[in-house]
Number of protein chains: 2
Amino acid sequence: MIYFDNGATTFPKPDIVYDAVMKAMKEYGANPGRSGHKLAIRMGREIYETRELLAKLFNIDNPMNIIFTYNCTESLNLAIKGILSKGDHVITSSMEHNSVLRPLFSLEKEGVELTIVNANPEGKIRVEDIVINIKDNTKLIVITHVSNLTGTIMPIEEIGKIAREKGIYFLVDAAQSAGVYDIDVKRMNIDMLAFPGHKGLLGPQGTGGLYIREGLLLKEIKQGGTGSFSHVLDQPDIFPDRYESGTLNGPGIIGLGAGVKYIFNRGIENIRKHEEELTKHFLEGLSKIDKVKIYGPLNEKEQGAVVSINIGNEDSSDISFILDEKYDIQVRPGLHCAPLAHKTIGTFEQGVVRFSFGPFNTHDELDYALKAIREIAKEV
Amino acid sequence: MIYFDNGATTFPKPDIVYDAVMKAMKEYGANPGRSGHKLAIRMGREIYETRELLAKLFNIDNPMNIIFTYNCTESLNLAIKGILSKGDHVITSSMEHNSVLRPLFSLEKEGVELTIVNANPEGKIRVEDIVINIKDNTKLIVITHVSNLTGTIMPIEEIGKIAREKGIYFLVDAAQSAGVYDIDVKRMNIDMLAFPGHKGLLGPQGTGGLYIREGLLLKEIKQGGTGSFSHVLDQPDIFPDRYESGTLNGPGIIGLGAGVKYIFNRGIENIRKHEEELTKHFLEGLSKIDKVKIYGPLNEKEQGAVVSINIGNEDSSDISFILDEKYDIQVRPGLHCAPLAHKTIGTFEQGVVRFSFGPFNTHDELDYALKAIREIAKEV
């Protein structure tokens, strides 16, 4: 089995992640709370440790400004709906995932003004195209850090600088970058950072997070028990309780902490270098195969470890099915929940076959996949 | 260690739950999707099996009418906000958790009309009190099945009958009952059933669900990628995709399925009987100890396995601290995120010491706790 669907969720996870989840479930699987017993306090402390690890990774001063969510989609919904109201203007790009686009389209129906900046066919957006679309009522810019379709790395540091200068909030969707690419919320002027726990951060599914800059108060999308201010019927204002109603995914969050520890131990720059080498090797191999069309920047320094291709005019699902059935290679075909991105690169009808690599993939696996693609390309 | 905080989260879980979570993470920890590879398909199939098990447990015809959420709080938010709009009237009780009350208070500020029916000091509500509060614009009745403070079992079948007759939607909060008490959504005329995965259903944290009756379309609270209709920018209408945006907690849901299997194997009536016996034994023991005040119906047939007490006028947190430190008994003091329920039974200032039992607690553990309470009561 060769797993190249790390853009959907990383698999496998480091062993310390499995161990941390099991230990949390078996040894102290309680519900944290303000005035809890030993087990509850231990669970609360370990959850806090994950906040600290993430804060260190993203250069966040106060770990309490990190909100734990179900997944990156929830983080993006909270950020987008928490800040935008009728009459506000928001700028995003055509490379966004439906987790950004669908909340924005939903808000557009309620009177939020939406501008979608088009990328070029390599998935690149120009900072100038954002600048010329800024208006007096522009309240938010939302940009993905790395495209889930082409892997294109977006100029978030430049965009962040402009957003800060203009007094516009800046939300980054780090679904494909967190855990692999450097993210510094201070240097990059990021006001809100949405990230999944189960992709590059190597944690379990059922985890995600949102960093919210100190002093920024969002409308919450859920209210409920927070273990704090239980006597008050209004949702409390304090971080992170305001946004974390109900029981957290304790063991999942602790597994996420173990994933981040793995990243620190191996070194985020080593993981990135490994993935860049894989991408480079794969792109080079693909370029020598007839009938293969490759999308994106075609340069491992300008894209994440995501390589999308098609073979001739074959349907992407058919190719993926052959890869899975005949070669036991797992990839993801179709539209990848990013319809406008597919329109941008011209693959809305055909879809693409997406290969996405993780820290445990090897060159040998790539060579085997290249051989498989060569064989398929000959036959179609 | 004696864990009596099962009302917050059950601990430990059955071994098959740990095993199912680990197997899902290690062997097929992929992201399900419509046109996926072998691992993704397997994950999707196993998640579906959990839907089937829950459907069987609650007598739900179509497993696709079960939505997976992060926790019961999210389920309640989705149900309440999905159905109520400005001008609608909603009836609830004073025994509700903040996961019901806070969303309702939030909606009240937006023009939803709210009636809170008061329970008596045992936590019992009278069906007549609900009936007399029904108005022309009453759209929803929300009632907890079992109080998390007094354990009081609410007359949900009678309320459901009235709601159906009057054409009012009926939402049941099964946070403290699912997995222990019989819930039949058809016989009980339940339109929406919110439940946690990690309490009586014995699944991992980070899981919860909402059953939505066929034909009932809610406003969703989150939009995003659903793996379906990816070409469309509006959130799709189909179940369960409409309400399940982003990556699900796959291993958690599969662990939840294992929890439900455990319940079927042991027999829900056997679990309930076991918990009733524990409650009866504990209530009898407590009644013989001076200075102990017990709240709720004081009858194991009228209450879930939740027993709340105080010792004299001692602060509930102090007593819980002694139980934890000196006796290694884990209970939960304070307000339990249910401020109006505490006002109802007169413990808003003192809080209570809550003992909540699970399927793995024993009579020996209860006897040890009774001995501890006797000793503490002598000393204060």
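Residues numbered from 1 in each chain as written. Chains lettered and ligands numbered in written order. Predicted model: local features only at pLDDT ≥ 70, side-chain atom pairs only at ≥ 80, totals over all residues.

## What to know about the domain arrangement of chain A
How big an interface is tends to be reported as the loss of accessible area on association of its parts. Residue and element names in this part refer to chain A. What the domain assignment lists for chain A is domain 1 (2-10 + 268-379) and domain 2 (15-266). Placing a centre on the C-alpha atoms of domain 1 and another on those of domain 2 gives a separation of 27 Å. Elements represented by at least two residues in the side of domain 1 that touches domain 2 include exactly helix H8 (268-287), strand S10 (306-311) and helix H10 (339-345). Grouping the amino acids of the side of domain 1 that touches domain 2 by side-chain chemistry returns 13 nonpolar, 12 polar and three charged. (Domains from an automatic or database assignment. Helix = DSSP H or I, 4+ residues; strand = E, 2+ residues; numbered from the N terminus. Nonpolar A, V, L, I, M, F, W, Y, C, P; charged D, E, K, R; others polar.)

## Structural notes on the relation of the copies chain B and chain A
Here chain B sits on chain A after a turn of 180° about the axis and a move of 0.0 Å along it, with an RMSD of 0.0 Å. The superposition of one copy onto the other is thereby described by a two-fold rotation axis. Counting the interface residues of chain B, we find that 100% of their copies in chain A are interface residues as well, pointing to one common contact surface. (Least-squares fit on C-alpha atoms with pLDDT ≥ 70 in both. Contact = placed C-beta atoms within 7 Å.)

## Quick word on the sheet that holds strand S3 (residues 89-93) of chain A
All names here are of chain A. If you trace the seven strands from one edge of the open sheet to the other, you get S2-S8-S7-S6-S5-S3-S4, paired in mixed fashion. One side of each edge strand has no neighbouring strand; the edge strands of this open sheet are strand S2 (66-69) and strand S4 (113-117). Looking at each pair of strands side by side, their axes are set apart by 15° on average, direction ignored. Where S3 and S4 come together, five bridges link them in parallel fashion. The residue of S4 that forms the bridge with Val 90 is Leu 114. Relative to strand S7 (residues 192-196), helix H3 (residues 72-83) is tilted by about 160°, and along the sheet it contacts S2, strand S5 (138-144), strand S6 (169-173), S7 and strand S8 (208-212). Along the sheet, helix H4 (residues 98-108) contacts S3, S4, S5 and S6; its crossing angle with S3, the most-contacted strand, is approximately 150°. (Pairing = 2+ DSSP bridges. Axes fitted to C-alpha atoms, helices over the stretch in contact; angles between N-to-C directions.)

## Overview of the confidence of the model for chain A
Counting all residues, the mean pLDDT for chain A is 96, and 99% of those residues have values of 70 or more. Interface scoring of the predicted complex returns ipTM 0.97; its pTM is 0.98. (pLDDT = per-residue confidence, 0-100.)

## Observations regarding helix H7 (residues 250-266) of chain A
Compared with the 24 Å implied by 1.5 Å per residue over 17 residues, the 25 Å span of H7 of chain A between its first and last C-alpha is a close match. The element H7 of chain A is largely enclosed, with a buried count of 13 among its 17 residues. (Expected span 1.5 Å × (residues − 1). Buried ≥ 20, exposed ≤ 12 C-beta atoms within 10 Å, placed from the backbone.)

## A short note on the environment of Thr 10 of chain B
All names here are of chain B. Relative to the assigned elements, Thr 10 resides in the loop between strand S1 (2-3) and helix H1 (15-28). Each C-alpha atom of the pair Thr 10 and Gln 205 lies 9.4 Å from the other, and the pair is 195 residues apart in sequence. Filtering out sequence-adjacent residues up to four positions away, Thr 10 remains in contact with His 198, Lys 199, Gly 200, Leu 202 and Gly 358.

## Examining unusual backbone geometry
That bond from Phe 239 of chain A to Pro 240 of chain A is cis: its omega, -10°, falls within 30 degrees of zero. Mapped onto the secondary structure, Pro 240 of chain A falls in the loop between S8 and H7. Phi is positive for Lys 291 of chain A, which is not a glycine, with a value near 70°. A residue is classified by how many C-beta atoms lie within 10 Å of it, and Lys 291 of chain A, with 15 of them, is partly exposed. Phi is positive for Asp 328 of chain B, which is not a glycine, with a value near 55°. Within the secondary structure, Asp 328 of chain B is located in the loop between helix H9 (316-327) and strand S11 (329-330).

## Focus on the nonpolar core
Leu 193 of chain A together with Leu 193 of chain B are the most contacted members of the largest nonpolar core, which has 225 residues in total. Setting aside residues no more than four positions away along its own chain, Leu 193 of chain B makes contact with Phe 58, Val 172, Ala 174, Ile 183, Val 185 and Tyr 211 of chain B. (Core = buried A, V, L, I, M, F, W, Y, C linked by C-beta atoms within 7 Å.)

## Comments concerning the pairing of S6 of chain A
Residue and element names in this part refer to chain A. Counting buried positions along S6 yields five of five residues, so the element is predominantly enclosed. Residues of S6 alternate between two faces, with Tyr 169, Leu 171 and Asp 173 on one and Phe 170 and Val 172 on the opposite face, all of them buried. Bridge analysis of S5 against S6 gives five bridges, and the strand direction is parallel. If you follow Ile 143 over to S6, its bridge partner there is Val 172. Handedness of the crossover is the feature at issue here: the chain leaves S5, passes through helix H6 (residues 156-166), returns alongside S6, and the resulting connection is right-handed. Pairing between S6 and S7: three bridges, direction parallel. If you follow Asp 173 over to S7, its bridge partner there is Ala 194. (Right-handed = clockwise from strand over helix to strand, strands pointing away.)

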